[in-house]
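Okay, here's what each chain looks like letter by letter:
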Amino acid sequence: MSLSRYIVIRGIMTLVTFISALVVFFLLTRVLPAAALGANPFLPTQSLDPLFRAVVRSSDDPGYASWVSMLSATYGLSRPLLPDQLVIFIKNSFTLDFGYSLTSMRSVSSEILLRLPYTLALYIFAVVIPIFVGYYLAIAAAKARGKVLDFLVTISSLASFSVPVWVFVLIIYYFLAYIPKVSWGVYILPLPVRAPTTSITGVHDIRYWIWYLSPLYIASILSFYGVWAYFFRTIIASELGEEYTVTARAKGLSEWGVLRSEVMPNIRPPIMTKIAYSVPTIFGGSIALEIVSSWPGIAYYAYQAIQNNDIPVMNAFFVISTMLVSLSLYISDILIAILDPRVRQGITGYTR
Amino acid sequence: MIPLATEGASWRSLGVKFYVGLSIVVFYAALGTYSMLAGYIGSFESMWEADYLAKPIWVAYIFEPGLPPTIIKRLEEWHVESSNEYITINSHDRYSLNISLKRPGSYVIASAGFEYLYKPARSMVIEYSMQVSSQYSVRYRVNLSIVSDNLLGRFVTVEYGGMKDNITAGRYAVLLAEETIEGGGFKIYNSSIRLPYPFLNRIQEPPIPVLVNPVSDLLLDRGTRIRGIINITYTCMDQSRCGGITLEVRSITVKILGLAHGFMGTDQKGSDIWRQFIEGARVANLFGLTAAATTVLIAISIGSISGFRVGRFSDQVLTFITDTMFFLPALPLIMIATAVLGRSMLVLYGLIVLVSWPGLARLARSWAMAIRGEPYIEAAIAVGAGRLWILRKHVIPRLAPLAIYGLVSLVPGVISTEVLIQFIGFGDPNIPSWGRMLNEAYNEGALINGAWWWLFAPITGITSYMAGFVLMGMALEERLNPKLTLSQRQFK
């Protein structure tokens with residue numbers, strides 16, 4: 001199978017998975033609460049629908065007389081939950097039309113798009129950088145095997161993946177922000193209380209971004225490199241036990257040369273697979289980081305929306321998260337196919 | 001991972017990692033059991049066990065010797081100070097006194113004092129129970145004060161808002177009542193008051209500024225004696241019918257809230273963090289193990305069916321469901337669903353099980369596929385054994401090591417999700433988990449007040465508990481994957 005055909009087929013399967021995720025979400029958060037109250041989801045029962053009730057509650061202001069009818073038209077609230085509203089929900093998810101926020105009364109998709117760069121700045125860093133840190137630490141450990149460095153890398157990576165990322169950020173806030181402030185009157189790193197708002201635009205303000213993101217970056221490196229260091233170390237160790245490395249050594253290659261020219265090409269596909277598998281976890285971690293540190297990305301926005309029962313924003317948050325995760329998986333699928341031609345032979349690749 | 005490696009596995013071959021992990025887990029299980037035996041006290045009932053943000057005892061001992069522990073003293077040996085012959089003592093025991101005062105006038109009743117040997121504490125709780133009764137209609141004035149002997153007659157200079165003020169120290173009135181009772185009537189004074197209580201500062205004679213803390217500024221000092229004094233003055237309303245008044249001191253308790261308390265100090269409400277910590281251990285154990293066990297059950301059954309029927313329609317359907325659930329963003333789903341379905345532990349349990357089974361199910365599927373290809377399964381099929389029989393007799397027992405590994409490796413994820421959901425405030429508010437502790441610590445100012453013992457108690461719990469399971473999981477993984485172990489042996 002050619003690469004382009006593989007990419008198309010994988011794209012279709014990613015879309016199918018995306019739609020099934022939306023269905024699961026819809027069943028859990030819309031149909032299940034209504035059914036628990038005794039509604040028949042196949043008949044139009046507005047009064048038991050959590051979304052409709054939230055919309056009505058938000059329309060107390062007489063200035064918003066047409067509010068309910070407007071949102072009802074967007075979500076098809078006068079129709080039965082299954083299958084009409086589900087279909088409308090999926091269609092809206094593809095067109096990114098989530099109606100209006102029940103608290104700010106502004107378009108949800110514009111609010112989300114305003115905050116998306118903040119999330120991406122955190123998420124992409126948290127996915128990419130720890131891999132490199134873990135990789136080089138594992139190489140260093142593999143070169144110094146049996147020595148102190150090897151032991152230290154193993155122990156520290158164990159500590160790294162025992163501790164959730166948001167716990168790291170709390171520890172960083174305490175030791176690098178609070179203690180220096182109290183002891184010497186300076187912030188080495190900022191505390192979350194004065195995190196920037198979404199009003200920051202322009203190149204000049206990038207340094208504020210970096211400054212407020214630095215605790216989160218450090219925490220994500222500290223928390224995610226351990227998985228990679230341990231994984232790379234074990235996979236390199238297991239490959240070095242193979243017979244082809246013995247051959248390579250016999251041919252006179254140095255240890256580093258064996259690693260570089262013989263082992264590396266072999267372990268790239270499983271590494272990509274591992275990355276694909278870790279994507280949902282890392283996305284969860286970056287969400288937790290945003291909420292703990294009041295970083296104004298989509299997760300913090302959704303966190304506030306959940307406290308205000310702002311259901312359109314919650315829906316949008318889930319749809320955008322699923323999109324981000326699916327897209328990351330799709331990209332890693334394609335990368336795996338490029339690295340390992342065997343994968344293209346069957347449609348079910350490493351990640352599926 | 002190849003299932004064949006489990007043959008001949010012995011406990012000794014599991015290595016140091018496993019036993020270190022196991023001992024951590026057993027330690028927390030013991031703590032949880034202990035907390036269950038000790039019984040849960042709600043956060044409201046356990047308030048003011050010591051002062052707010054009291055340090056742990058060992059920290060106080062090392063860094064700040066002389067911080068007071070919580071002192072609860074029931075004032076004893078009440079006696080009449082002014083020698084007046086018109087007094088009858090009706091009854092008298094160690095903590096209470098019942099006297100009749102025959103003539104109108106002013107009387108002073110005092111208790112024995114107790115030594116206070118520490119640095120000044122910040123606050124105290126006074127609990128008093130007294131009764132005044134009379135056969136005649138009288139007007140009286142009763143005044144309960146706490147007196148510190150060494151400081152009596154001294155002045156304390158207090159600076160507030162750029163002004164200096166000299167304030168009489170050593171005496172602070174906690175009850176000041178001026179009342180009239182009809183003949184045969186009585187009044188009961190039965191209350192508990194926590195000092196500093198700014199309102200009381202204004203009724204002192206002379207009034208003292210509201211910002212002055214009477215406990216640390218006026219009453220407590222190293223080596224002073226604390227006692228209670230009651231002043232009572234009365235006049236008869238009707239001079240022709242004037243026979244006396246009865247004062248009954250039932251019990252007066254002084255509780256000086258300590259600044260050093262317990263193994264882990266106290267939080268903002270003065271409740272013991274150690275107690276919350278062990279209750280958190282119990283919740284972590286119960287929740288983590290139950291949710292992980294349910295997840296393992298679901299994952300192993302779905303994975304083994306899917307792997308055993310590989311390539312068939314049922315396998316394709318199950319694999320599709322597994323993949324969809326695996327790549328569902330778990331945290332957004334849990335956050336939103338707990339908001340919509342209700343913030344209870346049961347909902348959280350269901351959601352965590354729902355999002356965490358697919359990973360293990362995929363592993364179980366590959367194991368079942370490997371087992372299915374073995375000759376004895378083919379032999380069983382050849383002699384006409386039923387599918388369910390083979391699953392039960394051959395496949396499920398071979399998956400037992402995977403189930404144990406799955407249980408151990410799932411607990412950290414389950415616990416960290418539960419704690420995170422509690423931490424960001426979407427969890428069950430009635431469950432005393434480490435996440436709720438962390439939520440309170442973070443949102444009620446542990447960071448700003450420098451109360452590291454409050455912030456780090458749950459963090460220590462979470463991380464060490466998870467590390468225990470991670471260590472066990474790593475040891476089991478090495479044991480289950482012989483290629484890894486073998487190559488590592490060669491590697492070293």
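Residues numbered from 1 in each chain as written. Chains lettered and ligands numbered in written order. Predicted model: local features only at pLDDT ≥ 70, side-chain atom pairs only at ≥ 80, totals over all residues. Heavy atoms only, no water.

(A) Inspection of the layout of surface pockets at higher detail. Residues and elements named next belong to chain A. Counted as a void, the second largest pocket has a volume near 620 Å³. As for the second largest pocket, its lining consists of 22 residues, of which V128, I131, M272, I275 and L335 are closest to the centre. Taken together, the elements giving at least two residues each to the lining of the second largest pocket come down to helix 5 (108–143), helix 10 (255–293) and helix 12 (311–339). Per element, the largest residue contribution to the lining of the second largest pocket is 8 residues, and it comes from helix 5. (1 Å grid on protein atoms, 1.4 Å probe; cavity = no way out; pocket = protein on both sides within 12 Å on 5 of 7 lines; lining within 4 Å. Points joined across faces, edges and corners; volume = space filled by probe spheres on them. Helix = DSSP H or I, 4+ residues; strand = E, 2+ residues; numbered from the N terminus.)

(B) Seen up close, the environment of G473(B). All names here are of chain B. Here G473 lies in helix 13 (residues 452–480). Taking the C-alpha atoms as reference points, G473 and S409, 64 residues apart in sequence, are found 5.2 Å from one another. The contact partners of G473, leaving out residues within four places of it in the chain, are Y405 and V408. (Contact = heavy atoms within 4.5 Å.)

(C) Molecular detail of the interface of chain B and chain A. Across the boundary between the two partners, chain B contributes 53 residues, which contact 58 residues of chain A. Between chain B and chain A we count 0 salt bridges in total. Counting across the chain B and chain A interface gives 3 residue pairs in polar contact (both at pLDDT 80 or more). Elements with a minimum of two residues in the side of chain B that touches chain A: helix 6 (313–326), helix 7 (330–341), helix 8 (345–372), helix 11 (400–423), helix 12 (434–443), helix 13 and helix 14 (482–491) of chain B. Counting residues per element, the side of chain B that touches chain A draws most heavily on helix 13 of chain B, at 12 residues. (Salt bridge = Lys/Arg side-chain N within 4 Å of Asp/Glu carboxyl O. Polar contact = N/O pair within 3.5 Å; in protein donor to acceptor, adjacent residues only side chain to side chain.)

(D) A look at the packing of helix 5 of chain A against helix 10 of chain A. Residues and elements named next belong to chain A. Viewed as axis vectors pointing N to C, helix 5 and helix 10 meet at an angle of 145 degrees, and their least axial separation amounts to 9 Å. With respect to the hand of their crossing, helix 5 and helix 10 are arranged in right-handed fashion. Across the interface between the two elements, T119, L122, Y123, A126, V127, I131, Y135, I139 and K143 of helix 5 pack against W256, L259, M264, I275, V279, I282, F283, S286, L289 and E290 of helix 10. For the contact of helix 5 with helix 10, the class distribution of residues is 15 nonpolar, 2 polar and 2 charged. (Axes fitted to C-alpha atoms, helices over the stretch in contact; angles between N-to-C directions. Left-handed = near helix turned anticlockwise from the far one by under 90°. Nonpolar A, V, L, I, M, F, W, Y, C, P; charged D, E, K, R; others polar.)

(E) Quick look at the packing of helix 5 (residues 273–308) of chain B against helix 6 of chain B. Residues and elements named next belong to chain B. Following both chains from N to C, one finds helix 5 and helix 6 inclined at 140 degrees, their axes separated by 8 Å at the closest point. Relative to helix 6, the element helix 5 lies oblique. Pair helix 5 / helix 6 crosses with left-handed handedness. Each of I302, I305 and S306 in helix 5 lies in contact with helix 6, whose residues at this interface are D315, L318, T319 and T322. (Parallel < 35°, antiparallel > 145°, perpendicular 65-115°, else oblique.)

(F) Examining the side chain of D315(B) more closely. Residue and element names in this part refer to chain B. Locating D315 in the fold gives a position in helix 6. Among the polar contacts listed, one links the side chain of D315 to the side chain of R365, at a separation of 3.0 Å. Look past the residues within four positions of D315 in its chain and what remains in contact with it is S306, R309, V310 and R365.

(G) Molecular detail of the side chain of D267(B). Residues and elements named next belong to chain B. Along the chain, D267 falls in the loop between strand 14 (245–256) and helix 5. This buried residue, D267, is left without a salt bridge; K269 holds the nearest opposite charge, at 4.7 Å. Side-chain polar atoms of D267 contact the backbone nitrogen of K269, separated by 3.0 Å. Setting aside residues up to four positions removed in sequence, D267 forms contacts with D51, Y52, L53, I273, Q276, E440 and W454. (Buried < 20%, exposed > 50% of the residue type's maximum accessible area, 1.4 Å probe, protein only. Lys, Arg positive; Asp, Glu negative; His and termini not counted.)

(H) Representation of the domain arrangement of chain B. Domains assigned within chain B are domain 1 (16–46 + 272–491) and domain 2 (71–257). Each of domain 1 of chain B and domain 2 of chain B was reduced to a C-alpha centroid, and the two centroids are 59 Å apart. (Domains from an automatic or database assignment.)

(I) Examining the environment of D165(B) more closely. Residue and element names in this part refer to chain B. Along the chain, D165 falls in strand 10 (residues 163–168). Given a relative accessible area of 26%, D165 falls into the partly exposed group. For the pair D165 and I208, spaced 43 residues apart in the sequence, the C-alpha separation amounts to 9.1 Å. In contact with D165, other than residues within four places in its own chain, are V156, T157, V158, Y160 and P209.

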